[in-house]
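Architecture at a glance
Chain residues, written in single-letter form:
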Amino acid sequence: SFCPRCEVGMTRLALDIETLTDSDFLCSDFDLHAANNGIEDPEYTTRRCEGIDDAWQKRPTFTSAPCCDSGEHLRASLTLRTMSYLGRADAIRSGDQFDYAKLVDGAIVEEALTDYINATVAFGDGLIHFIIKRGSHFTG
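Summary of the structure given here. Fair warning: this is a prediction, and the values are worked out from it, not measured in the lab.

**Thoughts on the pattern of salt bridges**
Under the defined criterion, the tally for this structure stands at two salt bridges. Two residues, Glu111 and Arg88, come together in a salt bridge whose shortest N-O distance is 3.1 Å. Taken together, the residues span a long stretch of sequence, with Glu111 in helix α5 (residues 106-123) and Arg88 in the loop between α3 (71-85) and β3 (93-94) at a distance of 23 residues. Close ionic contact of Asp115 with Arg88 constitutes a salt bridge, the shortest N to O distance being 2.2 Å. With a gap of 27 residues between them, Asp115 in helix α5 and Arg88 in the loop between α3 and β3 connect regions that are remote in the sequence. On the basis of relative accessibility, which here comes to 22%, the residue Asp115 falls in the partly exposed class. In the salt-bridge network here, residues are joined through shared partners; they are Arg88, Glu111 and Asp115.

Right under this line is the structure:
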């Protein structure tokens, strides 16, 4: 890994990190709550990914995001947001919650990623905005 101590956040929004919340991220390795609590120079501490990823996998939601170290969780998060945005949330639900198994199903993921890329290109937005934290500095 070329940046072993880096933490990563991925969002489709190219905005200042202080304006973003957990729900804006597809995945994040750092805690965004510091900026939302009015701290002048926030640390953005490392998240405890094991517990966060386990909880997110059991009950995927828009209000939080998994960490970025699992490609499967990242695809599930992108599929969740894309299918819901395109009005096809029923295809990824089981009862009253989103179904993780459906979010990682190959055919559903392929459909969601294809539609995400097509919609992004059609509207002229960037595909993914990467925020990389190393120490206390960010690049995006």
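Continuing now.
**Structural notes on the environment of His73**
Tracing the sequence through the fold places His73 in helix α3. Each C-alpha atom, one on His73 and one on Pro60, is 9.5 Å from the other, the two residues being 13 residues apart in sequence. Residue contacts for His73: discarding those within four places in its chain leaves Asp53, Trp56, Gln57, Pro66 and Tyr100.

Parameters and conventions
Residues numbered from 1 in each chain as written. Predicted model: local features only at pLDDT ≥ 70, side-chain atom pairs only at ≥ 80, totals over all residues. Heavy atoms only, no water. Salt bridge = Lys/Arg side-chain N within 4 Å of Asp/Glu carboxyl O. Helix = DSSP H or I, 4+ residues; strand = E, 2+ residues; numbered from the N terminus. Buried < 20%, exposed > 50% of the residue type's maximum accessible area, 1.4 Å probe, protein only. Contact = heavy atoms within 4.5 Å.

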